[in-house]
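Here is how the chains run, residue by residue.
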Amino acid sequence: MKTLVLANQKGGVGKSAIATQLAHYSRTIGLRVLVIDLDHQRNTSRPLMAHADVMTLPVTSGTVLEEDATVEIRTTDQIVLLAGDDKLTALEKQAGNHNAFATRLRNLLKACDQSFDLCIIDTNPNPDIRYASALISADYALAPVQLNQEAIEGIAGLLGHPRFGLSKIKTALNPKLEFLGILPNLVEPTPFQRGNMITLTEKFGTRLVSEKRAGETRYGFIPKRSAIAEAQAVGQFLPELKKTAARDAWNEIQPVFDMVLSRMGFKIASEALN
Ligand SMILES: Nc1ncnc2c1ncn2[C@@H]1O[C@H](COP(=O)(O)OP(=O)(O)OP(=O)(O)O)[C@@H](O)[C@H]1O
Ligand SMILES: [Mg+2]
C-alpha cells in the first residue's frame, strides 16, 4: 500500500475535494482504496459517506489515534473510509501522548498494508500532531494551492517550517517521504492568476506537479469549476454527475490525477472512464 497525504496549512485550497475525487477515481481504475480523514471538519468523510461505493468503518479516526481501537479490515471492492470525528481536535493538547498517536496511525497503516493499494489521508489546515503523524508515516505528500500571493508565500512555510515543514519531516523523521508537488487548484484564467502561476513556476518550478512530454514540461493544475464543488456537496464522483459541465471538468482533471497516480508508480489505463 502506498500512502498519500494531502497537505497544506492553508484552508480551502481543495485538499478534501482532491482527496475525495481522487479516491473515487482510484477505485474506478481498480485500486483498493483506504481513505483516512484526520480533519474534524469531515469534508472528505461527508461526501464519501453519501456514496454507495464507500464502506465506512464502524470506528472513527480520532478514536483510533486516541484509544488504540481495533480496526477490522475486510476485503471489499468499495472505498473503505476511516471517517473523522470531534475527538481529533482534542489530540493536540495531549502533548504527553503525541508519540502514541503517531505510533497508532503508523500501526494502522502497517496493518492495512496488504489489504489496500492506496491510502489517501486528508488533513486539517493547522500544523499539529494529526498533520505530523500523517506525514511521519506517509510515502507521498501532495500540496494543493490557490494562485494568490498569500498562498504562494505560504509555500515556503509548507516546505521549510522548522517543525512541520516537509523538508524537516523528511530529514528528521521520515526519509522515505516523497513530495509529489504543489498542485494549483481553483485556477481561473485571469491575468492576476496567470501572473501568479508564472511567479510560482519561477520560484518553485521543480516542486510543481508536472510531467515531461516530448521533452516539454507540463505543469498540472485544476481549474475552478462549479461542478467540482457540486460533486462534493452531493457526495458524487464528478463524472457521475449527469451534466456536460461535469463531464468537461472531469476531462480536465483526469490527466492531472493520472500524473499524480503515475508519480506514485501506479499504472494508469486512461481509457478507463472514456
Ligand atoms: N477546482 C475546484 N473548483 C471549484 N470548487 C472547488 C474546487 N476545488 C475545491 N472546490 C470547493 O472549494 C471549497 C474548499 O475546498 P476543500 O474543502 O476541498 O478545501 P480544503 O483545503 O480541504 O479546506 P480545509 O483546509 O478547510 O480543509 C469546497 O467547497 C470545494 O468543494
Ligand atoms: Mg479539507
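These numbers come from a predicted model, not from an experiment. (Residues numbered from 1 in each chain as written. Chains lettered and ligands numbered in written order. Predicted model: local features only at pLDDT ≥ 70, side-chain atom pairs only at ≥ 80, totals over all residues. Heavy atoms only, no water.)

Regarding the overall build of the protein chain
- Within the protein chain, the regular secondary structure consists of 10 helices and nine strands.
- For 274 residues, the compact-globule formula gives about 19 Å, and the C-alpha radius of gyration of the protein chain, at 18 Å, lands near that figure.
- Along the first, second and third principal axes, the C-alpha set of the protein chain runs to 50 × 45 × 30 Å.
- Scored against the burial criterion, the 274 residues of the protein chain give a buried share of 51%.
- Considering only intrachain contacts with a sequence separation of at least 6, the fraction spanning at least 24 residues in the protein chain is 76%.
- Of the accessible surface of the protein chain, which amounts to about 12100 Å², a share of 51% is contributed by carbon and sulfur atoms.
- Distance between charge centres in the protein chain, computed from 31 positive and 29 negative side chains, equals 3 Å. (Helix = DSSP H or I, 4+ residues; strand = E, 2+ residues; numbered from the N terminus. Rg over C-alpha atoms; globule rule 2.2 N^0.38 Å. Buried < 20%, exposed > 50% of the residue type's maximum accessible area, 1.4 Å probe, protein only. Contact = heavy atoms within 4.5 Å. Areas by Shrake-Rupley, 256 points an atom, 1.4 Å probe, with all protein chains shown as cover. Lys, Arg positive; Asp, Glu negative; His and termini not counted. Charge placed at Lys NZ, Arg CZ, Asp CG, Glu CD.)

What about the site of ligand 1?
- Around ligand 1 sit 20 residues in total, of which Gly12, Lys15, Ser16, Ala17 and Asn185 are the nearest.
- Contacts to ligand 1 include Lys15, whose side-chain N or O atom sits 2.7 Å from an oxygen atom.
- Contacts to ligand 1 include Pro223, whose backbone N or O atom sits 2.9 Å from a nitrogen atom.
- Look at ligand 1: alone it shows 630 Å² of surface, and the protein chains cover 82% of it.
- In a pocket analysis with a 2 Å cut-off to the grid points, ligand 1 is assigned to the largest pocket.
- At the level of secondary structure, the elements contributing two or more residues to the shell around ligand 1 comprise helix H1 (15-28) and helix H9 (226-234). (Near = heavy atom within 4 Å. Polar contact = N/O pair within 3.5 Å; in protein donor to acceptor, adjacent residues only side chain to side chain. 1 Å grid on protein atoms, 1.4 Å probe; cavity = no way out; pocket = protein on both sides within 12 Å on 5 of 7 lines; lining within 4 Å. Sits in = over half its atoms within 2 Å of the grid points.)

Regarding the pairing of strand S9 (residues 216-219)
- Examined bridge by bridge, strand S8 (residues 210-213) and S9 share four bridges and lie antiparallel to one another. Bridging from a neighbouring strand, Arg213 pairs with Glu216 of S9.
- Connecting S8 to the next strand, S9, in antiparallel fashion are two residues, including Ala214 with a positive phi near 50°. (Pairing = 2+ DSSP bridges.)

Structural notes on the packing of H1 against H9
- For the pair H1 and H9, interaxial distance at closest approach is 10 Å and the crossing angle is 75°. It follows from the interaxial angle that H1 and H9 lie roughly perpendicular. Of the residues in H9, those in contact with Ser16, Ala17, Thr20 and Gln21 of H1 are Ile228, Ala231 and Gln232.
- A breakdown of the residues in the contact of H1 with H9 according to their chemical character gives three nonpolar, four polar and no charged. (Axes fitted to C-alpha atoms, helices over the stretch in contact; angles between N-to-C directions. Parallel < 35°, antiparallel > 145°, perpendicular 65-115°, else oblique. Nonpolar A, V, L, I, M, F, W, Y, C, P; charged D, E, K, R; others polar.)

Remarks on the pattern of salt bridges
- In the structure shown here, the tally under the stated rule is nine salt bridges.
- Close ionic contact of Arg263 with Glu178 constitutes a salt bridge, the shortest N to O distance being 3.7 Å. With Arg263 in helix H10 (residues 244-263) and Glu178 in strand S7 (residues 178-184), this residue pair connects regions lying 85 residues apart in the sequence.
- For Arg263, a relative accessible area of 33% translates into the label partly exposed.
- Relative accessible area serves as the criterion here: at 34%, Glu178 is assigned to the partly exposed category. (Salt bridge = Lys/Arg side-chain N within 4 Å of Asp/Glu carboxyl O.)

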